[in-house]
Every structure is written in C-alpha cells, then in structure tokens.
Amino acid sequence: MNTATLPMPAPAPAETTRLAAGIAVGLLAASIGALYTVYARWGIAHGLHASDLTALRFGVAGLLMLPLLLHTLRRQRELLLDRWRLWLAVATLAGTPFGLLMFGALQFAPSSHAAVFPFAAMSVAGLVLSALVLGDRFTPRKGLGIGVVLAGLVLLSGVDAASFSGRALMGDAMFVAAGTLWAGFGILLRRHRLDPLLATAVISVSALLTYVPVYLALEGTARLAAASATVLWTEVLVQGAVAGAGTLFTYATMVRLLGPARAAVFPALAPGLAALMAWPVLGHVPTGAETAGLVVVMAGLIIAVTTASRRTA
C-alpha cells in the first residue's frame, strides 16, 4: 500500500479541548496570583504585615476546606491514611514551608526580585524535574519559550545589578527555594494523579494547623483587630477565600490538564497582570517596561505551552 498518499492524522479533539481548558485554567490561576499580590501590597499599606496576610490566607482557606477533609476521612479514609506519606510531602511542598519562604524572603530582597526569582525557579525546576522524574521530553522550542519568559520577567521587574547585596541574595535564595518547592508539588500531583480538590484541602488544613497557632502565639491579633472592617474583610476574601484555596485548586487542575512542566510557566504571568491590576487598586500606572515585559512573558508562554502537547499533556 502506498502510504505516501494517506492524509496526516488530525489532532484529537479531546487533546485540543484539554489544552484549551488547561490554558484557560492557567490564565485564571495567574490572575488569582496577581490579585493577591496587589491586595497584599494594599493591606500592608493599611497597616498589616506579611505575617498577618499569611495567617489570613492559611486560616481562612483551612477553615473553608476542613469540611471536605473531614468528609473524606469519614467516607474514604483510605485515600488519606493509606498514602499519608505522600500527603505529608504535598503539604510540605505547597503549604507552610512555601508560604514562609515566599513571605520571609521579602524581608531581605527588594520587591523587584520577587517578580523574577520565584517564578524563574518554578519554570526552570518544573522543566528539569518533569524530565528527570516523569520522563517528559525536553525540546529546544520549550527551552526557548522559558528563556523568553525569564527575559520578560527581568524586563518587567526592572531588577538591576545595584539591587544585589548579601542581604538580597539571602532573600533570592529563599525565593528560589520556594519556587522549587512549588514545582515539586506539581510533579507529585502529576506522578500520583492526585485529586486537585483533595490536595487543596490537605494543604490548606495542614497550614491552618501548623502556621496559624505559631502566628497567634508569637504575634497575636493586635494588628488584625486594629484594621478597619473594610481592610480586614477584603483581605479575608482575597487572601483566604480567593487566593488561599483558589491558587492551589487552579494550579492542581492545570497540572492535571497540561502537565507540571507547562503548568509551572503560567505563574510567571502574575507579576505583569499585577502591574495592570495595581492601576485601579493602588493608583500605580504601568510603566512601558512593565507592559513590554508582560507582552514578552506572554509570548514565551505561548511558545512553551503550545509545543509538543501530545508528549507533555
């Protein structure tokens, strides 16, 4: 039979739908990341500290997800108890340690570094770990896409050589560690086919039980009590309900749809989207560099995400 005349198979509709759904969820996840970044700056400007916002994020999300976790323990406890080591690893990678590293790094490194290093680590570590652990094939196009994303982050943040000091490098190392933990979280989700909603519940409740008691013992609630009702309830909604649970769930869903390597690129959109959201909330008009950086990041994301979808989805 002359196979040269046979038509090339068209992409499977299910694969195309899966890719489109993954991109949509990824954009939502990046938007949530941008939203809580902007409102974290807003809350700090109104007298709260990073530790207060972290407590709200973990505390509210943990309380919201506690009923689901208790329901699972009653009805399907084997899902949790038989794999407790795996769930412990998930909680470690995306729970309290991640939060402490991300917010703690801001005490050492300037905010411009926060727009580069954690997201660069997520992208690069996601790519490397996917290749080493999951056997995902590295392609030059994928590497080019991530390289363009990193260039866009540097352009967007305005980071320069003068901002590097011994103290800043300590913060940068914490940012890189946090980004690597987050990438590892994506690898575990994908390798073990974990349910996104249950993973969100485990992480949220574990953070509620580990971070919040220490926060209350060391810092108390004086700043939260002194905040206006508008500031407090806005942060409860944004940091706890939307970001605390929403970030975990959308990222976990994105990993299931796209795979961890491509999912790890989407958070890099958050700093650029935050620059746009800061305009109405903080009165910060995006600069030309911020706008250009967002465009470059989006271009790199398109290059990285749309390549080899059959192999890495």
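Residues numbered from 1 in each chain as written. Predicted model: local features only at pLDDT ≥ 70, side-chain atom pairs only at ≥ 80, totals over all residues. Heavy atoms only, no water.

Draft legend 1. Examining the overall build of the protein chain more closely. Of the regular secondary structure elements, the protein chain holds 16 helices and 0 strands. Radius of gyration (C-alpha) of the protein chain: 20 Å, near the 20 Å computed for a compact globule of 313 residues. If you line up the protein chain on its principal axes, its C-alpha atoms span 80 × 55 × 35 Å. Across the 313 residues of the protein chain, 51% fall into the buried class. If you take every contact in the protein chain between residues at least 6 apart in sequence, the share linking residues at least 24 apart comes to 88%. For the protein chain, the accessible area works out to roughly 14,300 Å², and carbon and sulfur atoms hold 70% of it. Positive and negative charge centroids in the protein chain, built from 20 and 11 side chains respectively, lie 11 Å apart. (Helix = DSSP H or I, 4+ residues; strand = E, 2+ residues; numbered from the N terminus. Rg over C-alpha atoms; globule rule 2.2 N^0.38 Å. Buried < 20%, exposed > 50% of the residue type's maximum accessible area, 1.4 Å probe, protein only. Contact = heavy atoms within 4.5 Å. Areas by Shrake-Rupley, 256 points an atom, 1.4 Å probe, with all protein chains shown as cover. Lys, Arg positive; Asp, Glu negative; His and termini not counted. Charge placed at Lys NZ, Arg CZ, Asp CG, Glu CD.)

Draft legend 2. Quick peek at the environment of Ala-55. By the secondary structure assignment, Ala-55 is in helix α2 (residues 50-75). Taking the relative accessible area as the measure of exposure, Ala-55 reaches 7% and is therefore buried. Not counting residues within four places of it along the chain, the set of residues in contact with Ala-55 comprises Val-60, Tyr-211, Val-212 and Tyr-215.

Draft legend 3. A look at the packing of helix α1 (residues 13-45) against helix α12 (residues 229-258). Contact geometry of α1 with α12 gives a least axis separation of 8 Å together with a crossing angle of 155 degrees. Judged on the interaxial angle alone, α12 and α1 are roughly antiparallel. Our pair here, α1 against α12, has a crossing hand that is left-handed. Each residue belonging to the contact of α1 with α12 can be placed in one class, and the counts come to 19 nonpolar, 10 polar and 3 charged. (Axes fitted to C-alpha atoms, helices over the stretch in contact; angles between N-to-C directions. Parallel < 35°, antiparallel > 145°, perpendicular 65-115°, else oblique. Left-handed = near helix turned anticlockwise from the far one by under 90°. Nonpolar A, V, L, I, M, F, W, Y, C, P; charged D, E, K, R; others polar.)

Draft legend 4. Here's a closer look at the side chain of Thr-253. For Thr-253, the position within the fold is in helix α12. Residues contacting Thr-253, with those up to four places away along its chain left out, are Val-25 and Pro-196.

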